[in-house]
Amino acid sequence: MRLDDPRDWPQQVVAIDPGDSHHGVVMAKVLPDSCLITGAWEFSGDEELWDRFALWSRTGGLMNVVLEEYGLYPWMGRQQGFSNFPTPQVIGAIRYIARQHNIPVTMQKAADKKVGRKLAEKRGVPMTLRSLGSGKGAYKGPDFDAKWLKDLYGIKSSQHVRDALAHLVHWVWTSPEAPARRYTGAPHAPPTPERTAQGWVL
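Everything numeric here is computed off the predicted structure, so don't read it as measured data. (Residues numbered from 1 in each chain as written. Predicted model: local features only at pLDDT ≥ 70, side-chain atom pairs only at ≥ 80, totals over all residues. Heavy atoms only, no water.)

Q: Before we move on, can you summarise the packing of aromatic side chains with the specific residues and values?
A: Going through the model one piece at a time under the given rule, you end up with 2 aromatic pairs. With a centroid separation of 5.0 Å and 45° between ring planes, the pair formed by Trp 41 and Trp 56 is classed as tilted. Here Trp 41, found in strand S3 (residues 35–44), pairs with Trp 56, found in helix H1 (residues 46–58); they are 15 residues apart in sequence, far enough to count as distant. Note on Phe 43 and Trp 56: the rings are 6.4 Å apart at their centroids and 65° apart in plane angle, and the pair reads as edge-to-face. Of the two residues, Phe 43 sits in strand S3 while Trp 56 sits in helix H1, which places them 13 residues apart along the sequence. (Phe/Tyr/Trp six-rings, centres within 6.5 Å; stacked < 30°, edge-to-face > 60°. Helix = DSSP H or I, 4+ residues; strand = E, 2+ residues; numbered from the N terminus.)

Q: Which residues make up the packing of H1 against helix H2 (residues 86–100), and what values go with them?
A: Where H1 contacts H2, the two axes come as close as 10 Å, and the packing angle between them is 15°. Taken together, H1 and H2 sit at an angle that is classed as roughly parallel. Note that H1 runs across H2; the crossing there is right-handed. Taking contact as the criterion, the partners of Asp 46, Leu 49, Trp 50, Phe 53, Ala 54 and Ser 57 in H1 are, on H2, Gln 89, Val 90, Ala 93, Ile 94, Ile 97 and Ala 98. Of the residues in the contact of H1 with H2, the class split is 9 nonpolar, 2 polar and 1 charged. (Axes fitted to C-alpha atoms, helices over the stretch in contact; angles between N-to-C directions. Parallel < 35°, antiparallel > 145°, perpendicular 65-115°, else oblique. Left-handed = near helix turned anticlockwise from the far one by under 90°. Contact = heavy atoms within 4.5 Å. Nonpolar A, V, L, I, M, F, W, Y, C, P; charged D, E, K, R; others polar.)

Q: Go over unusual backbone geometry, please, and point to the residues and values.
A: Positive phi values are uncommon outside glycine, yet Asn 102 reaches one of about 55°. Along the polypeptide, Asn 102 turns up in the loop between H2 and strand S5 (105–108). For Asn 102, a relative accessible area of 70% corresponds to the exposed category. (Buried < 20%, exposed > 50% of the residue type's maximum accessible area, 1.4 Å probe, protein only.)

Q: Which residues make up the environment of Trp 50, and what are the values?
A: With respect to the secondary-structure elements, Trp 50 resides in helix H1. With a relative accessible area of 22%, Trp 50 lands in the partly exposed category. Sequence spacing of Trp 50 and Ile 91 is 41 residues, and the spatial spacing of their C-alpha atoms is 9.9 Å.

Q: Go over the pairing of strand S4 (residues 62–68) with me, naming the residues and quoting the values.
A: Burial analysis of S4 places 6 of its 7 residues in the buried class, the great majority of the element. Strand direction decides the pairing type here: strand S1 (residues 12–17) and S4, joined by 5 bridges, are parallel. From the neighbouring strand, Gln 12 faces S4, where its bridge partner is Leu 62. The pairing of S4 with S5 spans 4 bridges and is classified as parallel. In the strand pairing of S5, Leu 67 is matched with Met 107. (Pairing = 2+ DSSP bridges.)

Q: Pulling in residues and values, what's your account of the environment of Lys 140?
A: Examined against the element boundaries, Lys 140 turns out to sit in strand S7 (residues 139–144). For the pair Lys 140 and Arg 130, spaced 10 residues apart in sequence, the C-alpha separation works out to 5.6 Å. Ignoring any residue separated from it by four or fewer positions in sequence, one finds Lys 140 in contact with Leu 129, Arg 130 and Ser 131.

Right, dumping it as structure tokens:
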């Protein structure tokens, strides 16, 4: 699927984990009771992300964008002294572009990644035990398997990409706006993750 060509677009949701200089992005087609992951990228530099997101927004194929919100933890205040806060700038630009094209934006907390990872693990997604972060924000538990992502998308996955995927999974299975939460058909058992020609079905 060539995501730069609007003719190839179904309705999609994009999840973005913004950083200071590197940003993880995951996109999926959201189905009534599952989702098809169609792409994953890491962008270096703000303009590259803004330009690509603006292109995607103009196609009319995005039903929602999921963003991790930015919060300055009290214990990080001294470390952030004299910072121009690049991450909030990225978030603000993405929200502005989305608003220009009437695309709903869902802001998630950093802690929502933990829920997303656990949901993915329950659905059989390949996971690896990792220790992430340090201090009060430390996390130890399942995280998406880097080899799985590399085999599927041909990219060396960064933590930003894996975090974006956690936010995406969280939105698909918990957000009131997601089709899976409004599905009224017969209940389905969690499927075995399946690789298709277009992506990975969860």
